[in-house]
Amino acid sequence: MADAEPPYGSAPKRESVTDPETRARHAEYWRRNIRYLVGLLVVWFVVSFGFGIILAEPLNAFNLPGTGFPLGFWFAQQGSIYAFVILIFVYVKLMNGLDVEFGVDEGGES
Amino acid sequence: MTVQSWTFLLVAASFALYIGIAIWQRAGSTQEFYVAGGGVSPLANGMATAADWMSAASFISMAGLISFMGYDGSVYLMGWTGGYVLLALLLAPYLRKFGAFTVPDFVGDRYYSQTARIVAVICAIFVSFTYVAGQMRGVGIVFSRFLEVDITTGVIIGMAIVFFYAVLGGMKGITYTQVAQYCVLIFAYMVPAIFLSMMITGNPIPQMGLGHVDPSTGLSLFESLNGLHEQLGFAAYTSGTKSTLDVFFITAALMVGTAGLPHVIVRFYTVPRVRDARISVGWALIFIALLYTTAPAIAVFARTNLINSVSETPYSEVPEWFNNWEATGLLSFDDKNGDGLIQFVGPNADVENELTVDRDIMVLANPEISGLPAWVVGLVAAGGLAAALSTAAGLLLVVSSAISHDLLKRSLMPEITERGELIAARVAAGAAVVVAGYLGVNPPGFVAEVVAFAFGLAASSFFPAIVLGIFTKRTTREGAILGMILGITFTAAYISWFKLLHPELNTAANWWFGISPEGIGTLGMLLNFTVAIVVSRFTPEPPAHVQVLVDLIRVPRGAGEAHEISA
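Residues numbered from 1 in each chain as written. Chains lettered and ligands numbered in written order. Predicted model: local features only at pLDDT ≥ 70, side-chain atom pairs only at ≥ 80, totals over all residues. Heavy atoms only, no water.

### A word on the overall build of chain B
Note the cut-off: Every helix listed is a DSSP run of H or I at least four residues long, and every strand listed is a run of E at least two residues long, numbered separately from the N terminus. To get the radius of gyration, use the C-alpha atoms; to get the globule rule, take the number of residues to the power 0.38 and multiply by 2.2 Å. Note on exposure labels: buried denotes an accessible area under 20% of the residue type's maximum, exposed denotes more than 50%, and partly exposed covers the range between, all computed with a 1.4 Å probe on protein chains only. For this analysis, residues touch if any pair of their heavy atoms sits within 4.5 Å.
Counting secondary structure elements, chain B contains 22 helices and two strands. Its C-alpha atoms give chain B a radius of gyration of 24 Å, near enough to 24 Å, the size a compact globule of 567 residues would have. If one aligns the C-alpha atoms of chain B with their principal axes, the spans along those axes are about 80 × 55 × 45 Å. In chain B, buried positions account for 64% of the 567 residues. Partitioning the contacts of chain B with sequence separation of at least 6, the portion at a separation of at least 24 is 82%.

Below is the structure:
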């Protein structure tokens, strides 16, 4: 069992980052993170609450091409779930890239 | 071999596996007991999260609910999966960076207040206990239906198993047992679904079979089923009967509640790094989505099968499974017009309905209705038990760590030794198992109702406090505490009013803005956010060390990469 670092069960080390350049870099990292979050959450909202609920009835006039699924119903019971999975993996890819770009990644393999 | 001997064999084999894992993965330190040593691989954690999350309700009840609710059942499908997007984007990575043992740990430290910690402990115990009683009940029901032991004996056997691996192994034992339980439950769920899909549509993949169009008639499964429904006076399967607003609010409450459930959040403390926490939510959702996208297919197949096999059938000619389930009381026929035929009709028909079907039958009886081999029936029983036991164990760990860690170590007895804390954690886990078992044997009348509301309570208490704690620096302890108290009290009061005190008033006309008790957690959450933000403006800003803490959790580097990845 490796030692827990920082100690578990309490907050991480509380030394403030004082270097102004690092502070500015962290602030920019956070702004980019928020921009990604907003974009992904808009998609999250549109596929579920939008297509699956608010627009479900009008979309049901069409079928998912090549299948017997009414489109609104498909979004509510299948499509939104697939979209959720894809969203999380896109987020992981974006954030891992962002971590490296701003030098805040944790190192190690994969 | 008969159905019953197959069931005994498969259930006993799965239990032996869980116990073997528990002995192999004992916890030796509090860190192992609370967060499995923080060295769980993201894939294994994803699988454990999926088993932790999918309870007896997901495994046994959900497909049946969708089968009877049609489109309205979408609230469960979207609600119980969409929450993982919120968890991945807004909570898991930051809480992992924070690096604590429990959810109240974060709330207490971020809001620099013992009061906030205690409020969070109470919310965690309240949410977890309402949830766990239903799981033990589920264990008892599976035992009584398939193994013909009474519910009390079933609950006691279930308690003994959970006691053994939760108390001995803590989070470490639970994690690897849950990985095994996921494998058992997903196999048990998919096998009958694949059989059914093959039989009905010729396509072995249920998610694709569901979109099947019959080449001879040109009708899709949905068109045929909607046609049957119209003919029999049910609402169209693909439209549903709930108002759009209510569907919106219920879905939101389930999503946010999922993201705020302490037993789910705590699983992401067990991986080594922040990036592992992110990807681990993705794995968890893939494993969950496998079952959740299959459930709507089972729902349609089962609904169509049920109508086709019983509607207007002479009672004297019903298949054997009909009589078997009648004997359990979950299926009942009352020949109101005395014509000897089964009229299974909806509220819009001009004759009276004569058949009452318990929704839980749909998954449990499906293999029998479709004439699948005896081992498949036994497998379904083992899968239902895996789902119930894995969720119960995860919840019990939250209760025990809330008591031994948050209440004793961080509040009442800070000088307690690690050894003492570990003993306290085991005693608390043991006591929690016994209380949960008691509630399973003697369920207060409203347990089944209340389980669904654990989500509303989690949505209206934890979620806003944690999100504001990460994304704003200005939110103060006064704001967070008042927000949590008002949010959960409002939600609990609205639910109790309609579900416990005045069930006769529980109709759309009496609801506020037409929002049902199931969806009120969304409003409670908005109330919590509003109160927390407004009160924070009028109270002194958080101390400097807390603002530094917020800066630190926003950046992944330094989460403690010193762990070796095991498994």
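From this point on, the discussion continues.
### Some points on the interface of chain B and chain A
The following threshold applies: Here the quantity called buried area is the total loss of accessible area, with a 1.4 Å probe, experienced by two parts when brought into contact, counted for both. Any carboxyl oxygen of Asp or Glu within 4 Å of a side-chain nitrogen of Lys or Arg constitutes a salt bridge here. Residues adjacent in sequence count toward polar contacts only when both atoms are side-chain atoms; beyond that, a polar contact is any pair of N or O atoms within 3.5 Å, and within protein one must be able to donate a hydrogen and the other to accept it. In the scheme used here, Gly and all other residues not listed as nonpolar or charged are polar, with Ala, Val, Leu, Ile, Met, Phe, Trp, Tyr, Cys and Pro taken as nonpolar and Asp, Glu, Lys and Arg as charged.
Each side of the interface is counted separately: chain B has 81 residues, and chain A has 64 residues. Across the chain B to chain A interface the summed buried area is about 6000 Å²; carbon plus sulfur atoms make up 67%. Contact with chain A buries surface across chain B, with Leu89, Arg275 and Arg278 of chain B losing the most and accounting together for 12% of the total. At the junction of chain B with chain A, the criterion picks out three salt bridges. Where chain B packs against chain A, one counts 16 residue pairs in polar contact (both at pLDDT 80 or more). Counting only elements with at least two residues in the side of chain B that touches chain A, the list comes to helix 2 (30-35), helix 5 (74-98), helix 6 (103-110), helix 11 (244-260), helix 13 (274-310), helix 16 (374-412), helix 19 (454-471) and helix 22 (544-553) of chain B. Ranked by residues supplied to the side of chain B that touches chain A, first place goes to helix 5 of chain B with 16 residues. When grouped by side-chain class, the residues that make up the side of chain B that touches chain A number 44 nonpolar, 23 polar and 14 charged.

### A closer look at helix 1 (residues 3-24) of chain B
Residues and elements named next belong to chain B. What counts, and what does not: The span expected for a helix works out to 1.5 Å for each residue beyond the first. Our arc is simply the arc of the directions from the helix axis toward the C-beta atoms.
For helix 1, which comprises 22 residues, the first-to-last C-alpha distance of 32 Å matches the rise-based estimate of 32 Å (1.5 Å per residue) to within 8%. Every buried residue of helix 1 is accounted for by Thr7, Val11, Ser14, Phe15, Tyr18, Ile21 and Ala22. Burial along helix 1 is one-sided: seen end-on, the buried residues are contained in an arc of 120°. Buried-residue contacts for helix 1 involve helix 7 (114-146), helix 8 (151-201) and helix 16.

### Section: unusual backbone geometry
Keep in mind that most residues, glycine aside, have a negative phi and that most peptide bonds are trans. All names here are of chain B. The backbone of Tyr112 shows a phi angle near 35°, a positive value even though the residue is not glycine. By the secondary structure assignment, Tyr112 is in the loop between helix 6 and helix 7. Phi at Glu312 takes a positive value of approximately 60°, unusual for a residue other than glycine. By the element assignment, Glu312 lies in the loop between helix 13 and helix 14 (320-328). The class for Glu312 is partly exposed, based on a relative accessible area of 42%.

### Structural notes on the nonpolar core
For clarity, the cut-off: The definition of a nonpolar core used throughout is a set of buried Ala, Val, Leu, Ile, Met, Phe, Trp, Tyr and Cys residues joined through side-chain atoms within 4.5 Å.
If you look at the biggest cluster of nonpolar residues, it comprises 218 residues, and the most contacted ones within it are Trp53, Tyr84, Leu91, Tyr292 and Phe463 of chain B. Judged by nonpolar contacts, the second largest core, of ten residues, contains Phe249, Phe453, Tyr494 and Trp511 of chain B.

### Remarks on the packing of aromatic side chains
All names here are of chain B. Condition: The pairing test for Phe, Tyr and Trp rings, Trp by its six-membered ring, is centres within 6.5 Å, and the orientation test on the planes gives stacked under 30 degrees, edge-to-face over 60, and tilted for anything in between. A ring is scored as having a charge over it whenever the NZ atom of a lysine or the CZ atom of an arginine sits within 6 Å of its centre and within 35 degrees of its normal.
Following the criterion strictly, the structure yields 34 aromatic pairs over all chains and no others. Taken together, a centroid distance of 6.3 Å and an interplanar angle of 35° make the contact between Phe490 and Tyr494 tilted. In this pair, Phe490 and Tyr494 both sit in helix 20 (residues 477-501), four residues apart, roughly one turn of the helix. The exposure class of Phe490 is buried, given its relative accessible area of 19%. Three or more aromatic residues joined by ring pairs make a cluster, and in this case those are Trp53, Tyr76, Trp80, Tyr84, Tyr131 and Phe455. Lying over the aromatic face of Phe68, Arg303 brings its terminal NZ or CZ to 5.0 Å of the ring centre. A cation over a ring is seen here: Arg303 above Phe234, with NZ or CZ 4.7 Å from the ring centre.

### Notes on the environment of Gly154 of chain B
Assignment of secondary structure puts Gly154 of chain B in helix 8. If we skip the residues at most four places from it in the chain, Gly154 of chain B touches Val139, Gly140, Phe143 and Val149 of chain B.

### Some thoughts on the packing of helix 19 of chain B against helix 21 (residues 520-537) of chain B
All names here are of chain B. Rule in force here: Inter-axis angles, ranging from 0 to 180 degrees, are taken between N-to-C directions of lines fitted to C-alpha atoms, where helices are fitted over the stretch in contact. Angle categories: roughly parallel below 35 degrees, roughly antiparallel above 145, roughly perpendicular from 65 to 115, and oblique for all the rest. Crossing handedness is defined as follows: a turn of the near helix away from the far one that is anticlockwise and smaller than a right angle gives a left-handed crossing, while the clockwise case is right-handed.
Running from N to C, helix 19 and helix 21 cross one another at 30°; their axes reach a closest spacing of 8 Å. The orientation of helix 19 with respect to helix 21, classified from their angle, is roughly parallel. The interaxial crossing formed by helix 19 with helix 21 has right-handed handedness. Along the contact surface, helix 19 presents Gly456, Ala459, Ser460, Ser461, Phe463, Pro464, Val467 and Leu468, while helix 21 presents Gly521, Gly524, Met525, Asn528, Phe529, Ala532 and Ile533.

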